[in-house]
Amino acid sequence: MFEWWHWVVLGLCLAMSELAVPAFFIIWFGIAAIGVGIALLIDPSLAVPTQILLWAGLSIALVGVWFRYLKPLTVTRVGTSSAHVTGEVGILVADINPEIRGQVRFQKPVLGSDLWECYADTAIKAGERVCIVVVEGSFIKVKEAK
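Each chain has its residues counted from 1, following the order in which its sequence is written. Totals for whole chains, interfaces and linings use every residue, but because this is a predicted model, local features are given only for residues with pLDDT of at least 70 and side-chain atom pairs only at 80 or more, for both listing and counting. The side-chain figures draw on all heavy atoms in the structure; neither hydrogens nor water molecules are used.

## Details of the pattern of salt bridges
Here is step 1: Criterion for a salt bridge: a side-chain nitrogen of Lys or Arg within 4 Å of a carboxyl oxygen of Asp or Glu. Under the defined criterion, the tally for this structure stands at two salt bridges.
Here is step 2: The residue D121 makes a salt bridge to K141 at a minimum N-O spacing of 2.9 Å. Highlighted residues: D121 in the loop between strand 3 (113–119) and strand 4 (129–136) and K141 in strand 5 (residues 139–144), separated in sequence by 20 residues.
Here is step 3: Under the scheme applied here, a residue whose accessible area is under 20% of the maximum for its type counts as buried, over 50% as exposed, and between as partly exposed, the area being computed with a 1.4 Å probe on protein chains only. Since its relative accessible area comes to 53%, D121 is described here as exposed. A run of H or I in DSSP becomes a helix once it reaches four residues, and a run of E becomes a strand once it reaches two; helices and strands are each numbered from the N terminus.

What follows is the structure, encoded as structure tokens:
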């Protein structure tokens, strides 16, 4: 027979295991176990199969809410389409001019990479802030940021 605190301890262990496996998925099973512990505290006569079914149901519901409603709110537009990265600002790593390509580093990844090969129509010194004009294959065209 499970006691209410068994479920709470299980829930806390599952929630803490999220630190070792940072998928933000196990936490929902832990929250569901804590929910079963609270339900068992309110109604101690719940049978073990009912407790397990309640835990499974709460887990499925919480994971469903996460994937359906909450996770889409955490997705950024950077890295999804070249149209959305126009105007992103980075720091030029090496001098560039119309004849020589250089590299630009971004604070957050742009289209999956934080370091891009770039070119420009004008000469720009290393260390200057530049912004994306257009993405052309594996290169980006930049200009000095204002």
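Alright, that's what it looks like, and here's the rest.
## Thoughts on the environment of W4
Here is step 1: Positionally, W4 belongs in helix 1 (residues 4–17).
Here is step 2: Under the relative-accessibility criterion, W4 is labelled partly exposed at 38%.
Here is step 3: Spatially, the C-alpha atom of W4 lies 30 Å from that of R68, the residues being 64 residues apart in sequence.
Here is step 4: The contact criterion used is simple: two residues touch if any of their non-hydrogen atoms lie within 4.5 Å. Look past the residues within four positions of W4 in its chain and what remains in contact with it is G37, L40 and L41.

## Concerning the packing of aromatic side chains
Here is step 1: Any two rings among Phe, Tyr and Trp, with Trp reduced to its six-membered ring, count as a pair given centres within 6.5 Å; such a pair is stacked if its planes are under 30 degrees apart, edge-to-face if over 60, and tilted if neither. By the definition in use, this model includes six aromatic pairs.
Here is step 2: A ring is scored as having a charge over it whenever the NZ atom of a lysine or the CZ atom of an arginine sits within 6 Å of its centre and within 35 degrees of its normal. A cation over a ring is seen here: R101 above F139, with NZ or CZ 3.9 Å from the ring centre.

## Describing the sheet that holds strand 4
Here is step 1: Strand order in the closed barrel formed by five strands is 1-2-3-5-4, with mixed pairing between adjacent strands. Adjacent strand axes in the sheet meet at a mean angle of 50 degrees, parallel and antiparallel pairs treated alike.
Here is step 2: A pair of strands is labelled paired if DSSP reports no fewer than 2 bridges between them. Looking at chain direction, strand 1 (residues 89–92) and strand 2 (residues 102–110) are connected through three bridges and run antiparallel. Residue pairing across strands places I91 opposite R105, the latter belonging to strand 2. Interaxial angle, 0 to 180 degrees, is taken between N-to-C directions of lines fitted to C-alpha atoms, where a helix line uses only the stretch in contact.

In short, geometric facts, not functional conclusions.
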